[in-house]
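Each chain, written out:
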Amino acid sequence: GINAEYGDGSRQEEIAVIGGLNEFQEFYNRLRRIKELHKGGDEVAAPMVMEFLEMKEQRENPDDNEEWAEFTDEEGYGRYLDLHEAYDQFVNLKHSTKIDYLTYLTSFDRFFEFPKEKKLTSDYRKYLSTLRDYLIGFMERINPLMNFSKEKERIAEDFDEKWEKGTFPGWGRDPTSAMKTGNTLDLTPFDSPEELASLGLDRLKTALQALNLKCGGTLMERAQRLFSTKGRDVNDLDPSVYAKSKKSREESVRQREIALLEAFVYHYTELLSEQRAATRENVERRQARTADEVDDDDDSEGGEEEDDGEDVIPYNPKNLPLGWDGKPIPYWLYKLHGLNLYFNCEICGNFKYRGPKAFQRHFAEWRHAHGMRCLNIPNTAHFANVTLIEDARALWEKIRAEKNKEKFQKEYEEEFEDSHGNVVSRKVFNDLKRQGLL
């Protein structure tokens, strides 16, 4: 329990002191010691706002702090990818397809479309290394708390599993090699080359080919060559017995290293899928700009640096409305939308609407609906374009009168039948009844 954690007996002593006869005296003594400890004021904690101010100053003066992550202008503080260096290496590959940067952003991780025999060049390996290093470095800058060593181990384990099964994209096993693997021969039942010779030339040939050994010679030579591999590792055999040199094994190792680089690119591209999509949209937007818009952006950026963040009032002598960029809209657009016309609505409290579009839209908005509710008039389509209170009331009275005419009137519309089969209205029937004529 708790007493076991305090094996020195300090907890029992503490309870005895504060639970004795002078517990209040002990409380005030401890309070006095705490006040004396903080009386000097040298160890008073600084407000948290000071810490935020220091961080803000460090961001504004990056030269004073070298630990901040650095991003290029293209990366936009981690929002976009900057793959121009990898793109330049890709288009300069010998067998690559010449595509633009926007298409490259969509297809740079489709390594399975690249011919396998053309992946073994040094230029392709250098390109993959550049792409992998950039993606890892970008992830380290935007997510420094990620455990990259564990991530690397997980990628390697997943790659080893797919590589052994032959399911890694773009590096599937050759069907001929799978056929050779199935032709291996179990040498356990055989105790001598003579017993192997009884299998015949063709069976010995396929078994030697499965081990990538020389398959020529007489029947006895083939049997001796195959029997020499019993109980031994294939890599420990004399190189002279191989059908090919160790170049094929070195090529297999090189293929595995290149495929591992592709595995890293696959994994980190998936983690950065959001930034990749944002990069593509950003490139499309920038390519769609005209030369004048590019110059305007450059001028605005230069103006912001010169003004040092001060708000500048735009020149607007005709009092035109401001657009999304904070500048007055063109005068022709101002006239086209009729923004020089003002429409007054008495029902809305004499509120003025600028332009016919805003005026037509306001009939379905809250201000006009509130005004109609105050007049006890429903805001229906009958009152479209009605802005005067008197007109609205007169129209409402007219509509009510028409509605009353359409109501069912018992005196004139309810029908009765007399004893002779004559059909008359309720009023006529009652009159005839009172006169005793029925």
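About the thresholds
- Residues numbered from 1 in each chain as written.
- Predicted model: local features only at pLDDT ≥ 70, side-chain atom pairs only at ≥ 80, totals over all residues.
- Heavy atoms only, no water.
- Phe/Tyr/Trp six-rings, centres within 6.5 Å; stacked < 30°, edge-to-face > 60°.
- Lys NZ or Arg CZ within 6 Å of the ring centre and 35° of its normal.
- Pairing = 2+ DSSP bridges.
- Helix = DSSP H or I, 4+ residues; strand = E, 2+ residues; numbered from the N terminus.
- Salt bridge = Lys/Arg side-chain N within 4 Å of Asp/Glu carboxyl O.
- Expected span 1.5 Å × (residues − 1).
- Buried < 20%, exposed > 50% of the residue type's maximum accessible area, 1.4 Å probe, protein only.
- Contact = heavy atoms within 4.5 Å.
- Axes fitted to C-alpha atoms, helices over the stretch in contact; angles between N-to-C directions.
- Parallel < 35°, antiparallel > 145°, perpendicular 65-115°, else oblique.

### Considerations on the packing of aromatic side chains
With the rule as written, the count across this model stands at 18 aromatic pairs. A network of ring pairs unites the aromatic residues Tyr87, Phe90, Tyr101, Tyr104, Phe108, Tyr124 and Tyr127 as a single cluster. Its end group placed over the ring of Tyr331, Lys318 keeps NZ or CZ at 4.0 Å from the ring centre. When the ring centre of Phe351 is taken as origin, the NZ or CZ atom of Arg367, which lies over that ring, is 4.0 Å away.

### Some thoughts on the pairing of strand β1 (residues 342-345)
Bridge count for β1 against strand β2 (residues 351-354) is four bridges, and the pairing is antiparallel. Note that in β2 the partner of Phe343 across the bridge is Tyr353. The turn joining β1 and β2, which pair antiparallel and follow one another in sequence, is formed by five residues; a positive phi near 80° is taken by Gly349.

### Considering the pattern of salt bridges
Applying the stated criterion to the full structure yields 17 salt bridges. A salt bridge links Glu74 to Arg286; its shortest N-O distance comes to 3.0 Å. Taken together, the positions of Glu74 in the loop between α4 (48-60) and α5 (84-91) and Arg286 in helix α14 (residues 273-287) put the pair 212 residues apart, joining distant regions of the chain. As a salt-bridge pair, Glu151 and Arg154 come within 2.5 Å of each other at their nearest N and O atoms. In this pair, Glu151 and Arg154 are both assigned in helix α8 (residues 148-165), three residues apart and thus about one turn of the helix distant.

### Considering helix α7 (residues 122-142)
End to end, α7 covers 30 Å across 21 residues, agreeing with the expected 30 Å (1.5 Å per residue, within 8%). Considered for burial, the residues of α7 that qualify are Tyr124, Tyr127, Leu128, Thr130, Leu131, Tyr134, Leu135, Ile136, Phe138 and Met139.

### Focus on the environment of Val283
You can see Val283 is positioned in helix α14. Residues Val283 and Leu105 lie 178 residues apart in sequence; the distance between their C-alpha atoms is 9.5 Å. Apart from residues lying up to four places away in sequence, Val283 is in contact with Tyr101, Leu102 and Leu105.

### Some thoughts on the packing of helix α2 (residues 10-18) against helix α3 (residues 23-37)
Relative orientation of the contacting elements α2 and α3 amounts to 110°, with a least axis distance of 8 Å. Classified by the angle their axes make, α2 and α3 are roughly perpendicular. On α3, the residues that touch Glu14, Val17 and Ile18 of α2 are Glu23, Glu26 and Arg30.

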